[in-house]
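Residue-level structural notes
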Amino acid sequence: MTIHALIAETAGEFTELGDTLRHMYTDDPINWLKFALIFAILVVGYIIVLPVYKKVEYYISRERKRDIALSRGHVLDAKLVKYRQDFDESDTGWRDWYTHATYEYVVDGQTKKYRAIFKHGGTPDPILHLYWIDNPRKVFAVDDWHYENHKAIILIPIMLFPWVMAGLVMYLLKLHLIVASW
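To keep things clear, this report deals only with the structure shown in the data block. (Residues numbered from 1 in each chain as written. Predicted model: local features only at pLDDT ≥ 70, side-chain atom pairs only at ≥ 80, totals over all residues. Heavy atoms only, no water.)

Structural notes on the pattern of salt bridges
Here the idea is simple: oppositely charged side chains can pair when their charged atoms come close. Inspection of the entire model under this criterion finds 3 salt bridges. The shortest N-O distance in the salt bridge between Arg72 and Asp134 comes to 3.1 Å. Taken together, the residues Arg72 in helix α3 (residues 62-72) and Asp134 in the loop between β4 (127-131) and α4 (152-172) connect sequence positions 62 residues apart. What makes Asp134 exposed here is its relative accessible area of 66%. Arg84 is the partner of Asp86 in a salt bridge, and the nearest nitrogen-oxygen pair spans 3.9 Å. The exposure class of Asp86 is partly exposed, given its relative accessible area of 34%. The class for Arg84 is partly exposed, based on a relative accessible area of 47%. (Salt bridge = Lys/Arg side-chain N within 4 Å of Asp/Glu carboxyl O. Helix = DSSP H or I, 4+ residues; strand = E, 2+ residues; numbered from the N terminus. Buried < 20%, exposed > 50% of the residue type's maximum accessible area, 1.4 Å probe, protein only.)

Below is the structure:
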């Protein structure tokens, strides 16, 4: 196949795509208004959803628990006892450094240990602030690393809400996308 035949074949594919887009958008000016409405729903939806997302994220976060503990005066200072650094090397050669640290704190005259993981390489802070809500034996920290992917169960549907609304409006307006046959 010559280069001229390849260019002609590729140009033909782009013409089919261009014809499909012209048919979808310029066949009827009312379709322009329908797609503009869909775009407006997405923009307004995210203007509404982003503050809601931030509030829900704060409501389920450790920072909120820390603020509750601070308002009650439930704070302990833990001292660094020992630490070690470790790294996880992926298939791509990228290294993620982790620091495993052990802290000690005193509750009711008893010395307890708190183990923390930091997602950075380096010496951890010599003092870690620990908080509790109701029971001083159930302490938590905000500064260390926590596996919190479970929050996605709540936060992903919030971020997808404008897309669901746009899809619903597309269905109600009987706005069908024309799929190109390649």
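Quick look at the side chain of Asp144
Take Asp144: it is sitting in the loop between β4 and α4. Buried charge without a salt bridge: Asp144, with Arg62 as the nearest opposite-charge side chain at an N-O distance of 5.9 Å. Of note is the side chain of Asp144, whose polar atom sits 3.0 Å from the side chain of Tyr114. Those residues within four positions of Asp144 in sequence are excluded, and the remaining contacts are Tyr114, Ala116, Ile117 and Phe118. (Lys, Arg positive; Asp, Glu negative; His and termini not counted. Polar contact = N/O pair within 3.5 Å; in protein donor to acceptor, adjacent residues only side chain to side chain. Contact = heavy atoms within 4.5 Å.)

Structural notes on the packing of helix α2 (residues 29-59) against α4
Taken N-terminus to C-terminus, the directions of α2 and α4 make an angle of 160 degrees; their axes are 9 Å apart at the nearest point. Looking at the two axes, α2 sits roughly antiparallel to α4. For the pair α2 and α4, the sense of crossing is right-handed. In this structure, α2 contributes Leu37, Ile38, Ile41, Leu42, Gly45, Tyr46, Val49, Leu50, Val52, Tyr53, Val56 and Glu57 to the contact, and α4 contributes Ile154, Leu155, Ile158, Met159, Phe161, Pro162, Trp163, Met165, Ala166, Val169 and Met170. (Axes fitted to C-alpha atoms, helices over the stretch in contact; angles between N-to-C directions. Parallel < 35°, antiparallel > 145°, perpendicular 65-115°, else oblique. Left-handed = near helix turned anticlockwise from the far one by under 90°.)

Looking at the packing of aromatic side chains
For the coordinates displayed, the defined rule picks out 2 aromatic pairs. Note on Tyr98 and Trp145: the rings are 6.1 Å apart at their centroids and 65 degrees apart in plane angle, and the pair reads as edge-to-face. Here Tyr98 is found in strand β2 (residues 95-107), whereas its partner Trp145 is found in the loop between β4 and α4, with 47 residues between them in sequence. Taking the relative accessible area as the measure of exposure, Trp145 reaches 34% and is therefore partly exposed. Ring geometry for Tyr131 versus Phe140: centroids 6.0 Å apart, planes at 40 degrees, classification tilted. Each member of the pair, Tyr131 as well as Phe140, carries the same accessibility label: buried. (Phe/Tyr/Trp six-rings, centres within 6.5 Å; stacked < 30°, edge-to-face > 60°.)

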